[in-house]
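Structural characterization, general
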Amino acid sequence: MTTAVGTKKMTLVQAVTDGLRTMMKEHDNVLVLGEDVAQNGGVFRATDGLLEEFGDQRIIDTPLAESGIIGTSIGLAMNGFRPVAEMQFLGFIYPAFNQIMTHATRIRARTLGAFTVPMVIRAPYGAGVRAPEIHSDSVEALFAHMPGMKVVVPSNAYDAKGMLIASIEDPDPVLFLEPMRVYRSTKMDVPEGKYTVELGKGSILREGSDVTVLTYGSLTEQCVKAAEAASEKGYSVEVIDLRSLYPLDKELIAASVQKTGRAVIVHEAPQTGGLCDTLISLINDTSFFYMKAPVEKVTGHDTPVPMFALEDHYLPTSERIQAAIVSVMDC
Amino acid sequence: MQNEFPMLQIIDQNGVLVDESYRSLLTESLVKELYVKMVRARLFDRKGVNLQRQGRIGTYVPFEGQEAAQIGSAMAMQEGDWMFPTYRDHGATLTFGHSLKNVLLYWKGRQIGCVPPAGKNIFPPAVPIASQLLHATGTAWAEKLKGTDRASIVYFGDGATSEGDFHEGLNFASVFNVPVVFFNQNNGFAISVPIAKQMKAKTIAQKSVGYDIEGVRVDGNDVFAVYFHTLKAVENARKGNGPTLIEAMTWRYGAHTTADDPSKYRDQEESVRRRESGDPVTRVELYMKHENMWDEQFANEIEQTIMKEIEEAVAKMEQEPAPHYSEMFDYVFAENPWPIEEQKRAYAGMRGE
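All figures in this text were calculated on a predicted structure; none of them were measured in a lab.

The next point concerns the UniProt feature "domain: Dehydrogenase E1 component" (unreviewed entry) in chain B. As annotated by UniProt and renumbered to match this structure, "domain: Dehydrogenase E1 component" (unreviewed entry) occupies residues 38-324 of chain B. Counted over residues 38-324 of chain B, helix gives 45% and strand 12%. Its end C-alpha atoms are 36 Å apart.

Encoded structure:
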């Protein structure tokens, strides 16, 4: 459904603010809570201006306690509100792990739908901005593995607003990850007012016929760059932005790899148990006999994200992605 | 509860002795040592802010205004004790023997910055809030089990008291009666959130009551009060009398980090006002003047000596060769499991090595 009229140039982080504002205007039961979200407008300014517009009963500076923020949001969600809880960085979410894993994700199942938790957890994630220690984690797979939680990641401003609105409207808990590396890297036209981007659907960023690059969030730009570089070598590369990590867009992924017969999976999270494994499993289940080459992975390493002096060695680069494209083409 | 936990002072904000019982303990050498350590921390901190502005290090966390709390408490600890700082406590760690060069390298994004000099039990700065309280309790517990008289000190801010780990750390320390000092620096703000939004309690010290442990509230900008009350807490801990929760009332003059803009959430005039009346370093200078301990030449000389030490550390930081990427792979385990070894080889291959 869309009532959007006109557009405005926005960065990804501004689109997040706009999505929150749109839903807070439309629904009195949408609350925003977290550390430094109100007076300070969020450490990334993702909630800037909302305090002035909606007051301190709708946008709330909480005590400094991630488990407290998520645990009380569960209660708020069970009792008529639509809380949007901010984790200041994904790397700070771990104290809330218990609340998410043992409660948020399974209250519907435990009560056969008598109680539900329609809440959104927003968290900036990822490396590449020379942030201090622990501020650069990319642990989406831990949450995609949790039964009972949707995990989505926009890579641009348009998707960010539309997916955030869809997440707030979703009847179940959604982890909404925000790639901080591209928070302000580009501006794009974003419709004013309300529109949604359906959760569970990926998008084709670039069409191609020789190889499919599957990625999301912070690395879409590097993947498109690598695809363009590969096209100079005569390779036609399709780039898919998954957008939804749980559930994955099975039809879109299968159709693409069945067309190309080759796939490269790119994410910055550590490799073992990362989304790459689930994607290979999906390709195996849907498209095994179409494949012309083993699937390649370009990921972070099985190491903690290093402090920033070494983060460029940790993060997949356009060069690493190009090398993987060449490798599946040469196979 | 504020009356039950009054803010203890030894000198007031004008550097006047208000507790005569400490007069004989305030020897000239102790006073001068505390003063020198505070000046050293302050000059280091200002250098840190400048280096960040010049792009020579990454995001930096300043602590100016909190020198008395950090130096007074760190000076109460002894060789062999354990220290658990947050990211804002390099004043304490430098006083306890951390290397200036490594602390600078930490802010330059180098892992070596987490490494203390040999024999110094200094944990890397805790980034997730309040998580370190439990480690301090654990190391102190180990000292108790080993039968030593060593203790741990752990630093945390007012916001940290809201985390579950705060409760767990104090409770374990209380239950197992371990030699740990919980040193809270209450600077009134957790990034932007004022303490009134953090807790309804009027003091942090009163939280000790719930664990039946010692609790004390001190003027965190009075280095003498901080030093002697921490010393008392540590001595108690060494004697087997269990943990103490110290609340040191203080103020950070500047931003939460160099990436923060405090004018969004507080009137920075308050910092100007506090600097003018009751600055922790100025107070000791005034005390020394009242007590005829002040020596202008001494003050100038130590400033020059300290600046030389800091500049040498900065030079060493900048001469430090860039780390090799193998550092990222080779310290996750004692021996690299095959996935890490394969990923390391693949990365080297990608680089044509």
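Quick look at the sheet that holds strand β1 (residues 82-84) of chain B now. Residue and element names in this part refer to chain B. An order of β2-β1-β3-β4-β8-β7 is seen for the 6 strands of this open sheet, with the pairing classed as parallel. At either margin of the open sheet sits one strand with a lone partner, and together these are β2 (121-122) and β7 (214-219). Across 2 bridges, β1 lies against β2 in parallel orientation. Note on β2: the bridge partner recorded for Met83 is Ile122. Its contacts with the sheet put helix α6 (residues 164-175) on β3 (152-157), β4 (180-186) and β8 (244-249), and the angle it makes with β4 is roughly 150°.

Further remarks concern the interface of chain A and chain B. Taken together, the contact pairs 37 residues of chain A with 41 residues of chain B. Carbon and sulfur atoms make up 61% of the area that chain A and chain B hide from each other, which totals about 3,100 Å². At the boundary of chain A with chain B, the tally comes to 2 salt bridges. Across the pair Lys264(B) and Asp48(A) runs a salt bridge, and its minimum N-O distance is 2.7 Å. Listing elements by their share of the side of chain A that touches chain B, those giving two or more residues are α11 (311-314) and α12 (318-330) of chain A.

Next up on the list: the UniProt feature "domain: Transketolase-like pyrimidine-binding" (unreviewed entry) in chain A. Mapped onto this numbering, the UniProt entry gives "domain: Transketolase-like pyrimidine-binding" (unreviewed entry) at residues 10-185 of chain A. Between the C-alpha atoms that bound residues 10-185 of chain A there is a distance of 10 Å. The span itself is 36% helix and 16% strand.

Here the focus is the sheet that holds strand β11 (residues 237-241) of chain A. Residue and element names in this part refer to chain A. Taken in spatial order, the 5 strands make up an open sheet running β9-β11-β10-β13-β14, and their pairing is mixed. The sheet terminates laterally at β9 (203-206) and β14 (296-300), the two strands that pair on one side only. Shown here is a sheet whose adjacent strand axes are inclined to one another by a mean of 25°, direction ignored. Of the pairings in the sheet, the one linking strand β13 (residues 263-270) to β14 comprises 4 bridges and is parallel in character.

As a general feature of sheets, a regular strand has side chains that alternate between the two faces. Residues and elements named next belong to chain B. Pairing of β7 with β8, which is carried by 6 bridges, proceeds in the parallel orientation. In the sheet register, Glu214 faces β8, and the bridge partner there is Thr244. Where the polypeptide runs from β7 across helix α8 (residues 223-238) and back to β8, its parallel neighbour, the crossover connection is right-handed.

In this structure the tally under the stated criterion is 0 disulfides over all chains. With no disulfide of its own, Cys276(A) lies 13 Å from the sulfur of Cys223(A), the closest cysteine sulfur.

Split into domains, chain B comes out as domain 1 (20-322) and domain 2 (323-353). Between the C-alpha centres of domain 1 of chain B and domain 2 of chain B there is a distance of 37 Å.

Turning our attention to the pattern of salt bridges. Summed over the entire model, instances satisfying the criterion amount to 38 salt bridges over all chains. Of the charged contacts, one joins Asp172(A) and Arg108(A) as a salt bridge, the two residues approaching to 2.7 Å between their closest N and O atoms. With Asp172(A) in the loop between α7 (157-169) and β7 (174-179) and Arg108(A) in helix α5 (residues 107-110), this pair connects stretches of sequence that are 64 residues apart. A relative accessible area of 33% places Arg108(A) in the partly exposed class. Among the ionic pairs, Glu270(B) bridges to Arg274(B), the shortest N-O distance being 2.8 Å. You can see Glu270(B) and its partner Arg274(B) sitting in helix α9 (residues 269-276), 4 residues apart, about one turn around the helix. Residue Arg274(B) is classed as partly exposed on the basis of its relative accessible area, which comes to 29%. Here the salt bridges do not stand alone but share partners, grouping Arg42(B), Arg46(B), Glu64(B), Glu67(B), Arg275(B) and Asp279(B) into one network.

Further remarks concern the nonpolar core. Counting residues in each nonpolar core, the largest one holds 93 residues, and the members touching the most others are Leu26(B), Tyr35(B) and Phe224(B). Element by element, the count of residues in this core is highest for helix α1 (residues 28-53) of chain B, at 11 residues. When sequence neighbours within four positions are dropped, the list of residues in contact with Tyr35(B) reads Val281(B), Val284(B), Glu285(B), Met288(B), Trp294(B), Ala299(B) and Ile302(B). Core analysis: the next-biggest nonpolar cluster, separate from the first, contains 44 residues, Ala104(A), Phe143(A), Ala144(A) and Met146(A) among them.

To continue, consider the environment of Gln268(B). Residues and elements named next belong to chain B. Inspection of the secondary structure assignment puts Gln268 in the loop between β8 and α9. Residue classification places Gln268 among the partly exposed residues on the basis of a relative accessible area of 25%. Distance from Gln268 to Gly254, taken between C-alpha atoms, is 8.2 Å for residues 14 residues apart in sequence. Non-local contacts of Gln268, meaning those with residues more than four positions away in its chain, are made with Tyr253, Gly254 and Pro262. Within polar-contact distance, the side chain of Gln268 engages the backbone oxygen of Tyr253 at 3.1 Å.

Calculation criteria
Once a new chain begins, its residue numbering starts again from 1 and follows that chain's sequence as written. Chains carry letters from A onward and ligands carry numbers from 1 onward, assigned in written order. Note on the predicted model: pLDDT of at least 70 is required for a residue's local features to be given, and 80 or more for side-chain atom pairs to be given and counted; whole-chain, interface and lining totals, by contrast, use all residues. The side-chain figures draw on all heavy atoms in the structure; neither hydrogens nor water molecules are used. UniProt positions are given in the numbering used here, feature names are shortened, and annotations may be inferred rather than shown by experiment. Per the convention used, a helix needs a DSSP run of H or I reaching at least four residues, while a strand needs a run of E reaching at least two, with both numbered from the N terminus. Here, strands pair whenever DSSP counts at least two bridges between them. Note on definitions: a residue-residue contact is assigned when non-hydrogen atoms from the two residues lie within 4.5 Å. What counts as an axis is a line fitted to C-alpha atoms, over the stretch in contact for a helix, and the angles between N-to-C directions run from 0 to 180 degrees. Once two parts are put together, the accessible area they lose, assessed with a 1.4 Å probe and summed over both, is termed the buried area. Salt-bridge detection follows one rule: a side-chain nitrogen of Lys or Arg within 4 Å of a carboxyl oxygen of Asp or Glu. Clockwise travel from the first strand over the helix to the second, with the strands pointing away from the viewer, marks a crossover as right-handed. Working definition: a disulfide is two cysteine sulfur atoms within 2.5 Å of each other. Here the bounds of each domain stem from an automatic or database domain assignment. Three exposure classes are used, based on accessible area relative to the maximum for each residue type with a 1.4 Å probe and protein chains only: buried under 20%, partly exposed in between, and exposed over 50%. For our purposes a nonpolar core is just a set of buried Ala, Val, Leu, Ile, Met, Phe, Trp, Tyr and Cys residues, chained together by side-chain atoms within 4.5 Å. Pairs of N or O atoms within 3.5 Å make up the polar contacts considered here, provided that, within protein, one atom can donate a hydrogen while the other can accept it, and that residues adjacent in sequence are counted only when both atoms are side-chain atoms.

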